[in-house]
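Structural overview
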Amino acid sequence: MEQYNGSQIVILEGLEAVRKRPGMYIGSTGTRGLHHLIWEILDNGIDEHLAGFCSQIDIILRKDGGITIRDYGRGVPVDIHPTKKIPTVRVVYTILHAGGKFGSSAYKVSGGLHGVGASVVNALSSRMIIEVRSGGQIYRDIYENGGHPVIELVDGNIPVVGKCNKSDTGTSVTFYPDASIFETVEFKAETIKKKLKEIAFLNKNLKIMFRNEYDGTEKIYHEEYGIQSFVKYLNREATLIHDDVIYAEGTSGDIEVELAFQYTNSYTEQINAYCNRINVVDGGTLVTGFKTALTRIMNQYARELNILKDKDDNFDGKDIRNGLVAIISIKHPDPQFEGQTKTKLGNTDAKSAVEEVFTLEVQRYFDKNVEVLRSILENSLKSYQARRAGDKARNAVLKQLADVDTRSKLASCSSRKPEECEVYIVEGDSAGGTVKTARNRRTQAVLPLRGKILNVEKAALEKILVNNEIKSMIASFGCGIGDDFDIKKLRYDKIIILTDADVDGSHISTLLLTFFYRFMPELILEGKVYRGLPPLYKVEYENTAVKTKKKKQSEYIFNDFELEKFRKKPGIKILNLQRYKGLGEMDADQLWETTLNPETRILARVEISDTVEADEITTILMSNNVPPRRAFIMEEAKYAKVDI
């Protein structure tokens, strides 16, 4: 056995680590990760806006495959950095964790607090061009092949390439994603435009110009009323309980708070929370503060207006939030997010700040608009009465779950420690039989589903709860559903959806994810839901570039992008290429090696990066409203890869 020593410890210097493990920094090398590059650069311009130095940002989708983002802020400093002894602009774009957001002087509030955005984009680009306008001069720096400077410094400084008015300041970044890293380098104009609309809503009076050189179109995003317009946009096709968007803003300590909300006749709630314009999809303290203040104040008003007759009665928080669509946006000088993904805010002062502003400003609104208040309370009363009347029926259905015989379906595991257990949800008894044979019986359970589960977006709760496949999942997970959901009772650390890589498999996955998102969202938000990714190909090959006794070798490949990269490796001679159409084509040993073995398998965690987009796409794809779905499919079809 080879000795394990210091010579085997690899140190990745500079931006090399980013190129080696891009997923750690941008989430993926697919379409989502590709567009994340844009948001990272865009964040820098928005931070200038938040600091009061930038009122416009231009974005150009270039015909040559690149993208240009130009802000009209102060311009990245071009002076010599005091410790690195090179131009500061080069420090910002080539060194991780370098930026003006760690100190308190350059930016009062900022979204990009890790200081890796600009340098990460450079690392993952084949070419990047920086132009800084400052002090009446234009400076240019250029990098290629992952952040390597190609411009010679002049007396240690970035060269001046032109002159401009002293009032003309800012930074322009043009970059070209590296095709050897990303599965696609084709930016989607519609994805960019959706994001820019959201940014405009969250940054009122910021002007964003987007130009698409492919079709010659140009669009300006500018929202004078900010998140009030955002709520109106979200409710543009909804039936409203009241016409006004209720808006409040104020400051508590160093925290600026904005709230906007409106009620519809929907049976769901939608609360979208932002801290320093970052969508904190798991909410956190700012959402807790909003919910606490809303519940307290509405119950107080319900008694004053005699909506609740019994003094001991209270609306439940969910009664009050029934049909609510809300945006909460705060600016915090020192936000504490949970992890690099920034999905949850932990600052306790954010809770008290939101409560304080809500209590003062919203009460002031309701005191002047009693009819709006009364319409909301009457809507809460209907929810309250329906909940009370339906409790017995619902509890009767849920009680049946204890008697559901999952033994004929669920192949349970022997361990009773949730932290080491996982359950595979598979389609059909055939695939279920293979997975049951291949699995580790101590820690891996298997739940085969017969056919496609109910589309919960189109069905009533009573119908959903009596569906056999859904009842089997609820009984197997052990954590309940709806108001009775308790993630602490979940029997598995991972719920893994494992379906064939065909249209039916994708449809089943979508139906399952819709169910989880609508009725057990905590499973997704807590990172418990995964998709198993079985290989698409098995390739047998010879490698003439490497001397080895074993001439014939084999490897599993998981998608077409990896296959193309494999074909381009020097010395590779493919002898046989097998394409798997489904799990049933693999024997138990192959399935264990590729899909079940924790040491070798690939799992994709299901995450929500944007609550607004998640809710909108779920509604479009799974509801009965056909025209929006047709339009969405037609737009996305041009980016699909057809397998013939």
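Refer to the preceding data block for the structure.
None of these values were measured; they are calculated from a predicted model.

Each pair of packed helices gets described by two things: the angle between the helix axes and the distance between those axes. Interhelical geometry of helix H3 (residues 31-50) versus helix H6 (residues 189-202) gives an angle of 30° and a closest axis separation of 11 Å. Put simply, H3 runs roughly parallel to H6. By crossing handedness, the relation of H3 to H6 is classed as right-handed. Residues His-35, Ile-38, Trp-39, Leu-42 and Ile-46 of H3 form the contact with H6, whose participating residues are Thr-191, Ile-192, Lys-195, Leu-196 and Ile-199. Residue classes in the contact of H3 with H6 are distributed as seven nonpolar, two polar and one charged.

This part takes up the pattern of salt bridges. The tally for this structure, following the rule as stated, stands at 25 salt bridges. Residues Asp-141 and Arg-90 are paired through a salt bridge, measuring 2.8 Å at the closest nitrogen-oxygen approach. One end of the pair, Asp-141, is in strand S4 (residues 137-144); the other, Arg-90, is in helix H4 (residues 88-94), with 51 residues separating them in the sequence. The exposure classification of Asp-141 matches that of Arg-90, with both residues buried. Between Glu-564 and Arg-567 there is a salt bridge, and its shortest N-O distance comes to 3.6 Å.

Looking now at the environment of Arg-303. Relative to the elements of secondary structure, Arg-303 occurs in helix H8 (residues 285-304). Classification of Arg-303 as partly exposed rests on a relative accessible area of 31%. Between the C-alpha atoms of Arg-303 and Asp-313, which are ten residues apart in sequence, the distance is 9.1 Å.

Reading across the sheet, the five strands line up as S10-S11-S14-S12-S13 and stay open at both edges, with mixed pairing between neighbours. Taken across any chain shown, the strands that pair with only one partner, and hence form the sheet edges, are strand S10 (246-252) and strand S13 (278-279). Pairing analysis gives two bridges linking strand S12 (residues 270-275) to S13, with the strands arranged antiparallel. By the bridge assignment, Cys-275 is partnered in S13 with Ile-278. Contacts from H8 reach strand S11 (255-263), S12 and strand S14 (324-331), with the element oriented near 130° to S14.

Moving on, we come to the side chain of Asn-279. Mapping Asn-279 onto the fold places it in strand S13. For Asn-279, a relative accessible area of 10% translates into the label buried. Among the polar contacts made by the side chain of Asn-279, one reaches the main-chain carbonyl oxygen of Ala-273 at a distance of 3.1 Å.

As for its placement among the helices and strands, Thr-595 is situated in helix H18 (residues 588-596). Judged by its relative accessible area of 2%, Thr-595 is buried. Looking at Thr-595, its side chain comes within polar contact range of the side chain of Thr-594, at 2.9 Å. Setting aside chain neighbours within four positions, we find Thr-595 in contact with Tyr-424, Leu-498, Pro-534, Pro-535, Met-586 and Arg-601.

On to the packing of helix H14 (residues 468-477) against helix H15 (residues 503-519). Where H14 meets H15, the axes come as close as 12 Å, and the angle between the chain directions of the two elements is 60°. In terms of axis orientation, H14 runs oblique to H15. Remark: the crossing between H14 and H15 carries right-handed chirality. Together, Ile-470, Met-473, Ile-474 and Phe-477 of H14 and Leu-512, Phe-515 and Phe-516 of H15 make up the contact between the two elements. Tallied by class, the residues present in the contact of H14 with H15 amount to seven nonpolar, no polar and no charged.

Quick look at the packing of aromatic side chains now. The relation between two aromatic rings is expressed through the spacing of the ring centres and the mutual angle of the planes. Taken as a whole, this structure holds 15 aromatic pairs when the rule is applied. Ring plane angle 15° and centroid distance 4.7 Å describe the contact between Phe-201 and Phe-230, whose orientation is recorded as stacked. With Phe-201 in helix H6 and Phe-230 in helix H7 (residues 227-234), this residue pair connects regions lying 29 residues apart in the sequence. Assessed through its relative accessible area of 3%, Phe-201 is described here as buried. On the basis of relative accessible area, Phe-230 is assigned to the buried category, the value being 2%. Each member of the aromatic cluster is reached from another via a ring pair, and the members are Phe-201, Phe-230, Tyr-233 and Tyr-274. The ring centre of Tyr-72 lies 3.9 Å from the NZ or CZ of Arg-70, which sits over that ring. In this arrangement the basic side chain of Arg-236 is found over the ring face of Tyr-233, its NZ or CZ atom lying 4.0 Å from the centre.

Looking now at the sheet that holds strand S18 (residues 529-532). One open sheet holds the five strands; their spatial order is S16-S15-S17-S18-S22, and the pairing between them is mixed. Only two strands of the sheet have a single partner each, and these edge strands are strand S16 (444-449) and strand S22 (603-605). Averaged over all pairs of adjacent strands, the angle between strand axes in this sheet comes to 30°, irrespective of strand direction. Bridge count for strand S15 (residues 422-427) against strand S17 (residues 494-498) is five bridges, and the pairing is parallel. Bridging across to S17, Ile-425 finds its partner in Ile-497. On top of the sheet, helix H12 (residues 428-438) reaches S15, S16 and S17; it is set at about 170° to S16, its chief contact. On the sheet, H14 packs against S15, S16 and S17 and is oriented at approximately 165° with respect to S16.

Among the eight residues in strand S7 (residues 170-177), eight count as buried, and that is most of the element. Burial along S7 is two-sided: the face carrying Gly-170, Ser-172, Thr-174 and Tyr-176 and the face carrying Thr-171, Val-173, Phe-175 and Pro-177 are both buried. Relative to S7, strand S2 (residues 67-71) runs antiparallel, the two being bridged by five bridges. Bridge assignment links Arg-70 to a residue of S7, and that residue is Ser-172. Strand direction decides the pairing type here: strand S3 (residues 125-134) and S7, joined by eight bridges, are antiparallel. By the bridge assignment for S7, Ile-130 is matched with Val-173.

What follows concerns H18. Turning to H18, its buried residues are Gln-590, Leu-591, Thr-594, Thr-595 and Leu-596. Angularly, the buried residues of H18 cover 150° about the axis, an arc narrow enough to put them on a single face. On its buried face, H18 sits against S15, H12, S16, S17, strand S19 (537-543) and strand S20 (553-557). At the N-terminal end of H18, a side-chain oxygen is found 3.2 Å from the backbone nitrogen of Asp-589, two or three residues along, and the residue is Asp-587.

Criteria and thresholds
- Residues numbered from 1 in each chain as written.
- Predicted model: local features only at pLDDT ≥ 70, side-chain atom pairs only at ≥ 80, totals over all residues.
- Heavy atoms only, no water.
- Axes fitted to C-alpha atoms, helices over the stretch in contact; angles between N-to-C directions.
- Helix = DSSP H or I, 4+ residues; strand = E, 2+ residues; numbered from the N terminus.
- Parallel < 35°, antiparallel > 145°, perpendicular 65-115°, else oblique.
- Left-handed = near helix turned anticlockwise from the far one by under 90°.
- Contact = heavy atoms within 4.5 Å.
- Nonpolar A, V, L, I, M, F, W, Y, C, P; charged D, E, K, R; others polar.
- Salt bridge = Lys/Arg side-chain N within 4 Å of Asp/Glu carboxyl O.
- Buried < 20%, exposed > 50% of the residue type's maximum accessible area, 1.4 Å probe, protein only.
- Pairing = 2+ DSSP bridges.
- Polar contact = N/O pair within 3.5 Å; in protein donor to acceptor, adjacent residues only side chain to side chain.
- Phe/Tyr/Trp six-rings, centres within 6.5 Å; stacked < 30°, edge-to-face > 60°.
- Lys NZ or Arg CZ within 6 Å of the ring centre and 35° of its normal.
- Arc of directions from axis to C-beta.

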